[in-house]
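# Examining the three-dimensional arrangement
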Amino acid sequence: VNRLRRLLQPAPAAAATDAGPSSRFAKKRKAANETPAKPVESEASIGVETPVKRQKRHRRKLSKKRLEAAAAAEEARKLGSEKSDKNRRKKGAAAGALIGGGEQGLLASKFRYLNEQLYTLSSADAFEMFKADPEAFKVYHAGYSAQRQRWTEDPIDWVAKQCRLGLPAGSSVLVDFGCGDARLASRLEGHCAKVHSLDLVALNNRVTACDMARCPLGNGIAHGAVFCLSLMNANLSDFLAEASRVLRLNGLLCIVEARSRIERTQRFVNLIERFGFQCQRRREDKYLVYLLFNKSRNRKAGEPLPELRLKPCLYKKR
Ligand code: SAH
C-alpha cells in the first residue's frame, strides 16, 4: 500500500514546473488527464513547425512580398511620374504656346487700342494717359516697332538723308517731334550739334517727355523740325504751329505720313503752307507720303490756326 501511495504521489520537480503562472493550466490538464505541452525548444530541435516558426516564416514571406510590392510601386511611380512628366511637359508646351500666343494676341490688341487712342485723343489727354501708365507706352512702341519691320523702307532713312543734305553740318539744331526711341538723333549724331527728341514718354535718356503741342523750347532755336509718322492726336494744328514757332526763318520741316491718312496730298500740302511753310519736295510711295518744306514766314501773333485733320491710321487685326 505504501509503495502504491509513493507511486501515486506527484514528483516534487513536476510540482515546481506546474507551479507559477501556468499552474492553472497544469491543474486543468491534470484534471483532463492531458499531457502538458512540451517546451518549444525541444520541438524546434526535432524540426516540427511550431506556430511561432510558422508566424516567422509568414512574416518573412510577407516582408518579401511587401518589399516586392514596394519595389513595384516605386517602379510604377517612376514610370507614372515619367509619363506624367512627359504629359506635363506636353501640357506645359501647349500652355506655353497658348500663353505665348495669347500674350501676343493681347499685346497686339493693346497696341491697336493705344494706337487708336493716340489718333483720337487730344495731345493733353494722350500725355496724361501715358503719364499714368508708362508701361502702356512700352507696349505701344513694341507694337509700332513690330509694324515697322513689315515696311519695305524705313522712313527714318529718308528723313536722315534730308537732314544731312539740308542742315549745316556741326552747328545745326533739330527738333524731332514724336521721336519714339530717338532713332533719328542716333542717326544724326556728329552731323547735328543738338537734336531735341520729344515724345510723350521718355523711352531713353535722349528723349524729353512732353506734349509736343507745348514743347519746352524757345522761339526760333531750330534749323530743322521733323514729324515722322507722329502727327497723331486730335489737335494736329497745334503741332504745326509749335514747329513754326521753334523754327527759324528758312528752317527745314520734314513730314512723313501714312498715305491712307491723307485724302488728297495737294490739299494737305496747301494746308501746311498756310502755317507759314513752303513745299520744296514731295514724294509718295505705296504706303507713305514724304514732304519737305521750309519756313517762309513767321506766324503773326493771334493768327487763327488753319484746321488740319487726318484720318486715323488704324492697324487691322491679323
Ligand atoms: N518718329 C518715330 C516714332 C513714330 S511713332 C519713328 O519714326 O520711329 C509716333 C510717335 O509720336 C509716338 O512715339 C508717339 O508717342 C508720338 N506722339 C504722338 N503724339 C505726341 C504728342 N502730343 N507729343 C509728343 N509725342 C507724341
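Below is a short write-up of the structure. (Residues numbered from 1 in each chain as written. Predicted model: local features only at pLDDT ≥ 70, side-chain atom pairs only at ≥ 80, totals over all residues. Heavy atoms only, no water.)

With that out of the way, let us pick up the packing of aromatic side chains. Tallied over the full model, the rule gives eight aromatic pairs. Here the aromatic rings of tyrosine 140 and tyrosine 144 are separated by 6.5 Å at their centres, their planes lie at 20°, and the arrangement is stacked. Pair noted here: tyrosine 140 and tyrosine 144 are both in helix H7 (residues 134–149), with a separation of four residues, about one helical turn. Accessibility expressed as a relative area gives 11% for tyrosine 144, which makes it buried. An aromatic cluster is defined as three or more aromatic residues linked by ring pairs; in this entry it consists of Phe111, Phe130, Phe137, Tyr140, Tyr144 and Trp151. (Phe/Tyr/Trp six-rings, centres within 6.5 Å; stacked < 30°, edge-to-face > 60°. Helix = DSSP H or I, 4+ residues; strand = E, 2+ residues; numbered from the N terminus. Buried < 20%, exposed > 50% of the residue type's maximum accessible area, 1.4 Å probe, protein only.)

The next subject is the sheet that holds strand E7 (residues 288–295). Strand order across the open sheet formed by seven strands is E3-E2-E1-E4-E5-E7-E6, with mixed pairing between neighbours. Each edge of the open sheet carries a strand with a single partner, namely strand E3 (207–209) and strand E6 (277–284). Across the sheet, the mean angle separating the axes of adjacent strands is 20° when strand polarity is ignored. Of the strand pairs in this sheet, E6 and E7 are connected by seven bridges, and their pairing is antiparallel. Residue pairing for E7: cysteine 279 is matched across the bridge by phenylalanine 293. (Pairing = 2+ DSSP bridges. Axes fitted to C-alpha atoms, helices over the stretch in contact; angles between N-to-C directions.)

For leucine 229, which is not glycine, the phi dihedral falls at a positive 55°. One can find leucine 229 in the loop between strand E4 (222–228) and helix H10 (236–246). On the accessibility criterion, leucine 229 (13% relative accessible area) is buried.

Contact geometry of helix H6 (residues 123–132) with H7 gives a least axis separation of 4 Å together with a crossing angle of 105°. If you check the angle between H6 and H7, you find them roughly perpendicular. Contact residues: Phe130, Lys131 and Ala132 in H6; Pro134, Ala136, Phe137 and Tyr140 in H7. Class assignment of the residues belonging to the contact of H6 with H7 gives a composition of six nonpolar, no polar and one charged. (Parallel < 35°, antiparallel > 145°, perpendicular 65-115°, else oblique. Contact = heavy atoms within 4.5 Å. Nonpolar A, V, L, I, M, F, W, Y, C, P; charged D, E, K, R; others polar.)

As a further point, take the pairing of strand E2 (residues 194–199). Extensive coverage of E2 is indicated by the burial of five of its six residues. When strand E1 (residues 173–177) meets E2, the two strands line up parallel, connected through five bridges. Across the sheet, phenylalanine 177 pairs through a bridge with leucine 198, a residue of E2. Relative to E3, E2 is paired through three bridges, and the arrangement is parallel. In the sheet register, leucine 198 faces E3, and the bridge partner there is threonine 208.

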